[in-house]
Structure formats: structure tokens, C-alpha cells
Amino acid sequence: MDGELPPHAQDIESVQASLATSYEGLSDGEARRRLDLYGKNVLEEEEISRFRIFLQQFRNFLIYILFAAAVISLFAGDVKDFAVIIALILVNGIIGYWQELKAETSIRALKKLTESTASVVRDGRTVEIPSSEIAVGDVVLLAEGDLVTADIRLFESVGLAADESAMTGESIPVSKDHGAVLDPDARAYELVNSLLSGTTVVRGSGKGFVVRTGHDTYLAKIAQRAQETSSESPFTRAIGHFSVRYAVLIIVLLVLVGMVAFLQGRDLIGIAYLMVAELVSAVPEGLPLVVTMVMVVGALALSRKQTLTRHLPSVETLGSATVIASDKTGTITEGRLAVQDSYAVDQRALTLAAALCNDAGEGSGDPIDVALSRWVDGYAGVRKRHPRTWTFPFDTAMKLMATANEVDGATRFFIKGAFEELARHAGNRDDLEDLKVRLDAMAGGGLRVLAFGAGDWRGEDPDAWRYDIVGLVGFMDPPKDGVRESVLTARRAGIHVMMITGDYPLTARSVAGEVAIWRKGDSVLTGSDIASMDDEELAAALERATVLARVLPEHKYRVVRVLQDRGEIVAVSGDGVNDVPALKAADLGIAMGSGTEAAKSAARMVILDNNLRVIVHAIRNGRVIVDNVRKVIYYLLSTAISEIVLISTAIFAGLPLPLLPIQILWINLVTDGVQDKTFPFIKEEGDVMNRPPKPPALQFFERRQITRILIFGLVMGVASFLVFEHLVDRLPYESANAIIFTAFVVFQWCNGIQAQKEHEPFFMNIRRSLTINPLIYLSVLIGLALQLAAIYAVPSWFNAVPLAAEHWAYVALLCVVAFAVVETIKWAEYLTERAAEPAD
């Protein structure tokens, strides 16, 4: 059909001719020929080299640094550290490998949407065949409850309606009209004469010609997006950004130290020994392990709050999110229609019409009928007392349904449908003007409105029907509890919340207004608006937009990409197949626990309680996790910098090494190796939702963080050097070395205690300082026991000697200096921030 008008833009005879088929269906031979020509009605999968995917997980600078740390540990004789680091690298690779393979899982989940049987006409006979055997040109028979497994152009429909929410996001079933001829550029949600693969028939019956199968269907276009590799998390990008620069710094430092050592006349063995010492000092080999621990602890905390993490770095992504693009149905709203408003000319007649002109069963049926059944008190009893004697099923052309029921010994006629249709034959003409005003008010509030009529039974002929319009009922998918408060919290945290839906703009804006997503001055964008804009125009429009209505999967996907190109960190929630492209493209895709398997497979997180409130609460947890990662990075790097400064200045001054490689490894064990394992348990410091999010590149390594690291590292490195220089003039080298060795361990404990709080000085609120993470003090006790054992029980293992009592004064001095340095920095920052605050 290439070059022709699309099937929805042709009349039925033209579609039949272009497909070379008939109402009697294809012959078996012709169907087989077409299957050979077009392929089976299945989604194709791209073959992936799993070995290559696995190898790609090890291609980043952080992994290279870890490998270097492993080799250094092995060179220093620490087989245990070597094994731990290699194991960590492998675990990281396996997690990344699993994440990449989720693309295959997404495709398999999408395939399940078309794995069923179908009723088709072959050689004039109705037969059941596997959906994979459906061919282009087949005649398919459809009934209530059927899964649509190919794109179909209808040629017959009786009260047919389909649930297209999984494809288009439209929350209300779409009534079909096979006789309609549409514009060639009609969107997926406008195809009232067609059915899309992956949708479900919820009412009525119909027949149609298959116009697209397999990889040509609308569903297949979505599946192609599901094959794309998910974007790197902000944390991964930030770590990569840091790792490259840190690696360059280490290389420059090693070259500089090597040149100085060579000029000092040291032999090559001595220079190599110095290089090993510098590398051991510089590489924060514990960083990946502790960061992983922080994320694991965070993921476990989230799981207790109905949030399951499928990709570990996503717990940090939560804390970096700048935009939440939330699906409406089931996340912001209840996901079911409810009566929101009504107006009665005759209340009893309206109640009877709502209950009797209704096909809802026990909570099942058309969503509008189900909403009415919940609205009418004693629905089942009303229907039982007034049995139905005749039914006119919902007609898509006439836009109405009618029944006859026994009421008070007489046969009464009840009708419901579009107001404009019922108004044509209504008997109460005097009420119509007032009803129209009420209708406009309800519709203006975003409600879907139905009119109801009642009269005496005059026969089946529509021309004989006589009735009065007895009232109007407005429907809406109501917002969930707690969503409004969560939106306000997110806005306070500097997060832009957007609602994305397939619903009509007026309905979408009304819902968004109720939950504070849309406010006066905000704009509403439709799918047509998005399609008509270039990327620059769309980026400008998205700054003011809080509601995206009548959007399709390709629109959602493009919105996410444009926001990301603008530097936003985008969290997308969704539950349908139509959400898969956006979920895959987003920095953080969040699927609903009740959603489709395709959505859950594409997402990095699944929330079991389908509510935007859970997402916002998870963002709070994510920010605490980000803070804890930031704190552990400060702690480990400030330690590394102070060691580098100490060793480098000693080399430049021509002094012996103040710390030996084995001692540096031990320092990393009893400080980094013990204390940093408590950082995942730091509690929230202040209200993390009272500040705006930071860009990924600045999340962990912005000016304030770098300044603190450098000040502490330089001051403590220089202070330790001055103490060491003083000691080597007065004590044997072994004693001076042992004092500096122990002092480095102890003052790092002080640094670790201070690192538990970033935004408030320790002495400003001592109680909070002591309770924000009590485990840090347990780690100090463990470290103290280990260090005492090292210098008094087995000092020879570390090329050290026991300390005399008077030597501990130097240790205490450096400890006090370390604590005071961090406290001074905090007070200076705090007072500067207070001075910059505007006066009341």
C-alpha cells in the first residue's frame, strides 16, 4: 500500500481493493503466500552479542583506576584487597550486563501482547488461528474481551469500543465508527475507524481487514524504541567526569614526583617505591565499594516504602531529578472513572435512568457504566426491582443507548448519550437552555458529560421515541489522596512536575489544576503542538508547560530527549506500552506495579503503590542517598589528598618517606575501611526538599566540595609534614614514622565524624551531631582497637615501633587540628550564607 492513502483515510471499498481481499476473507493458499511475503505477525528481535555486552561494562575510567588499585594491592602483598577489588569490578560488570539485557526482556514483554488466537475468515469459513499466522488482508472477527493482535481497518461495528490506554494513554474507551473516513495525518488516538495491535475490545463487536502485521504495526514502532540502550545515570556520568580528571591529576603528580626523585639522585628501585607509595595514597580504592553500599542501603530503604530498584544507580538518580514527567492515569488519578458532578431536572428519573440504562455487572463492564453503578445507591436492588424488557445497544453513530424497563407496573423508556443527540428529540424544550448552561459548566471543568432521558415506552422505532431529558452526569478520573501535597513538596524542592496524558486538553488541565500541577500562567501542550515545533521551540515551550495532552509515544520520547539536551535530569513514570519509549530514554524510568510487563521491563524502578506521592517520597530518600555519597566522597578524597601532600612534600624536601605503602593500606583499612562503611546510615540532614537539585557534574564535585577537600587535604598534609620534619630531627626515623602513621589514623576519625554533617557546624547542635549516625562512633572504637594492636601487638608487620606515652601528644595535636579545620570551614560557610540571605 506504499504511495497510497493510509487505510484510515480511505473508504472501505478502496481498502478492500488495495488489499486485494474480500468480505469472504483470504484463501489458505493466499494467506500462506502473504505470510511468506510480509513475514509472520510477530515482533522481530535483534540478535545481541552477550559476550560483547559483558566486555563493554569494563570500559570506563573508574574501572581502570580500580584495576590499578588491585595491581598495587597485589604488588604490596595484600592479596585480600586484590581479591575484593577484582570481585567488586566483576559485580559491577554483571549489574551493567543485566541492565543491558533488559532491552531483550522489554521486547519479549511486548510480544506477549500479540501472543493469542484470533477469529478470521478463510475461504468463507470462520476459523481460529494463532495470532502469529494472521496475514495482511485477513478478515478478523472481534468481540468484547478480545485482544487486538494486528492493525485493523474496520468495515463493520456494532457498539464497538476499545481500551487504547496502553497505546495512546486515553483513559476512556474509544467508540469506533467503521464508516468514518479520516484525515491522512490523523493521530493514533483519532483512528475511530481502526483498531491498533495491543489494544482490547471492551464493548460491542466488529469485523475488519488486517492492514498491518508484525514489524509494520504501530506497536512495533514502540518496540523499536524499547531496543535502545538506556541512558547512563547522572551518578555514572558524574563519576566518569571526575575519574578522567582525577586520573590526569595522578599522572601529572607521579611524573612530577618521579622527576624530582630522579634529580635528587635516587636509584630506580627507590623511585619505583615512591611511585607505589604515591599511587596507594592517591587511589581511593574503597570509593566504589562504599558508594555501592550507600546505594544498596538506599534501595533497601526504598523497598520498605513500596519502591523496588531494578538498577542500583537509579537510587541516586532520584536525588538528582529536576523534572518529573508523570503519567496521569493510575499515578496522579485513581485510574477509574467516577461521577464528579450531576444536575437533575427529576432526581428519581435520573437515578433510574443511570441504573437501568446500564450494562455494568459486579464492578465490570464499560467504565462509565461501572462509575454509574457505584454512584447509584442500591444499584443491584434497583435493577432487580425494575427488570429490562428491551435494549438498544450503544450506537457509535447515534452516540446513545436506550432500554425499556418495568417501573411501577408500566413499561418505561430510558436513554443516555451525548446531550446534542438527546436534545434533538427531547420533549422538555423549556429546560434545554438551562441544561446547556449546566453542560458547558461541567465540560469547562474537564468533565465528560452524559445526558439522561426518561419517558413512556412507544416501541422500538427510534422515530417513535418520546422522552424528557431528566439530568446530566459528569465523569472524571479523580485524583489520588496525597498527590497535591506531594506536587507542592516537589515544587518546593525545585523540581518541575509535568503531567502527560492521552486525554483531552481541557480534561487534563482540570485534573492537573486540582493537584497543583497546572497553575494560572502555565501552558498546555498537545501532541499536535509538539509535532509542529522544532527542538529549540519545544525546549522553550516546555519551560512553561505543565500539562502534555493527547500525546503519543513518539511525542513523550521526544519531550524527554529535548529536556535532557537542555541539561535536565528526567524521571518518567508510566504503566502502558505507550510509555515504553519514554521510560527507556529517561534518566530514570519508573513503572507502576500494576502496569504492563513491557513498561516494568523498560523501567529502572517499579513502585508498588501507584501514586505520585510515592515517587516524591522516593526522591526525598534519593536526595539523602546523594548527600551520603557526597559525604563519603569528601571523606575518602580528603584523606587521599592529605596523604599525597604529605608524601610529596617530604620527597620534595629530600626527607625519607613519612608513610610506607603497607602503612597507607592499613590506614585505608582502619579509617576508610571501617568508618566509611557507616556512611550509608547517615540520617537526613535538615529538610533535603528545601533546596533545588544540582546538575550531575556538580552533584559531588562542585566548588564547595572541592574547596573543602583541598583545604583539609592541604592543611593536614602540610601540618603532618611539619610535625614529621620536627620529629625526624629529634627522634629516630622509625619513631617519627610510627607517630605520623598513628596520627593519620586518628585524625581521619575526626574528619569522619565531622563529615557526617555538611550544612551545619558540629557545635551548633551537638545533640544532632551525636545522633545523626551513632554507628560512626562504633567504627572509631573498632578502628582504635585495630590500631592499638598494630602498633603494640604486631608493629613489625607494618615496619613500625610502639609509641611511648609522650608520643601521643603529637597524635592528639593533629587530631585537634583536623577537627578544628573542618569546624572552621563549616562556620565560615554558614555565616557567609546567613549574611547573603535577604532581610525580612
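Calculation notes
- Residues numbered from 1 in each chain as written.
- Predicted model: local features only at pLDDT ≥ 70, side-chain atom pairs only at ≥ 80, totals over all residues.
- Heavy atoms only, no water.
- Phe/Tyr/Trp six-rings, centres within 6.5 Å; stacked < 30°, edge-to-face > 60°.
- Helix = DSSP H or I, 4+ residues; strand = E, 2+ residues; numbered from the N terminus.
- Buried < 20%, exposed > 50% of the residue type's maximum accessible area, 1.4 Å probe, protein only.
- Lys NZ or Arg CZ within 6 Å of the ring centre and 35° of its normal.
- Axes fitted to C-alpha atoms, helices over the stretch in contact; angles between N-to-C directions.
- Left-handed = near helix turned anticlockwise from the far one by under 90°.
- Contact = heavy atoms within 4.5 Å.
- Nonpolar A, V, L, I, M, F, W, Y, C, P; charged D, E, K, R; others polar.
- 1 Å grid on protein atoms, 1.4 Å probe; cavity = no way out; pocket = protein on both sides within 12 Å on 5 of 7 lines; lining within 4 Å.
- Points joined across faces, edges and corners; volume = space filled by probe spheres on them.
- Salt bridge = Lys/Arg side-chain N within 4 Å of Asp/Glu carboxyl O.
- Pairing = 2+ DSSP bridges.

A. Just the packing of aromatic side chains, in detail. Per the stated rule, a full pass over the model turns up 19 aromatic pairs. With a centroid separation of 6.1 Å and 35 degrees between ring planes, the pair formed by F413 and Y467 is classed as tilted. With a gap of 54 residues between them, F413 in strand β13 (residues 410-417) and Y467 in the loop between β14 (448-456) and β15 (468-476) connect regions that are remote in the sequence. We note that F413, like Y467, is buried. Ring geometry for F724 against Y733: centres 6.4 Å apart, planes inclined by 80 degrees, an arrangement best described as edge-to-face. The structure contains a cluster of three or more aromatic residues connected by ring pairs, namely W390, F392, F413, W457, W465 and Y467. Here the basic side chain of R509 rests over the ring of W518, its NZ or CZ set 4.9 Å away from the ring centre. Between the NZ or CZ atom of R550 and the centre of the ring of Y504, over which it lies, the distance is 4.2 Å.

B. Representation of the packing of helix α17 (residues 483-492) against helix α24 (residues 612-652) in the model. Two elements in contact, α17 and α24, have axes whose closest approach is 8 Å; the angle formed by their N-to-C orientations is 35 degrees. Here α17 and α24 pass one another in a crossing that is left-handed. Across from V483, S486, V487, T489, A490 and R492 in α17, the residues of α24 making contact are L612, R613, V616 and R620. Split by residue class, the contact of α17 with α24 holds 5 nonpolar, 2 polar and 3 charged.

C. Fine view of empty space enclosed by the protein. A full pass over the atoms with the stated rule returns 6 cavities of 30 Å³ or more. G319, R623, V626, D627, R630, R691, P692, P693, K694, Q699, E758 and H759 together form the lining of the largest cavity. At 4 residues, the largest contribution of residues to the lining of the largest cavity is made by α24. The residue makeup of the lining of the largest cavity, split by class, is 3 nonpolar, 3 polar and 6 charged.

D. How the structure looks around the pattern of salt bridges. Evaluation of the coordinates by the stated rule reveals 31 salt bridges. One salt bridge in this structure joins R203 and D366, with 2.2 Å as the shortest N-O distance. Here R203, found in strand β7 (residues 200-212), pairs with D366, found in the loop between α12 (347-356) and α13 (367-375); they are 163 residues apart in sequence, far enough to count as distant. Taking relative accessible area as the criterion, R203 reaches 18% and is therefore assigned buried. Two residues, K416 and D369, come together in a salt bridge whose shortest N-O distance is 2.2 Å. In this pair, K416 is assigned in strand β13 and D369 in helix α13, connecting sequence segments 47 residues apart. Side by side, K416 and D369 carry an identical accessibility label, which is buried.

E. Quick peek at the environment of V559. Examined against the element boundaries, V559 turns out to sit in helix α21 (residues 553-565). Separated by 29 residues in the primary sequence, V559 and I530 have C-alpha atoms spaced 8.1 Å apart.

F. Quick peek at the sheet that holds strand β10 (residues 338-344). Read across the open sheet, the 6 strands follow the order β10-β15-β14-β13-β12-β11; overall the sheet is antiparallel. Looking at which strands have only one partner, the edges of the open sheet turn out to be β10 and β11 (388-395). Geometrically, the sheet is characterised by an average inter-axis angle of 20 degrees between neighbouring strands, direction not taken into account. Packed on one face of the sheet, helix α16 (residues 429-444) meets β10, β14 and β15 and runs near 5 degrees to β15.

G. Spatial organisation of the pairing of strand β3 (residues 139-143). Note that strand β1 (residues 117-122) and β3 share 3 bridges and pair antiparallel. Bridging from a neighbouring strand, V120 pairs with V140 of β3. Relative to β7, β3 is paired through 5 bridges, and the arrangement is antiparallel. The residue of β7 that forms the bridge with V140 is G208.

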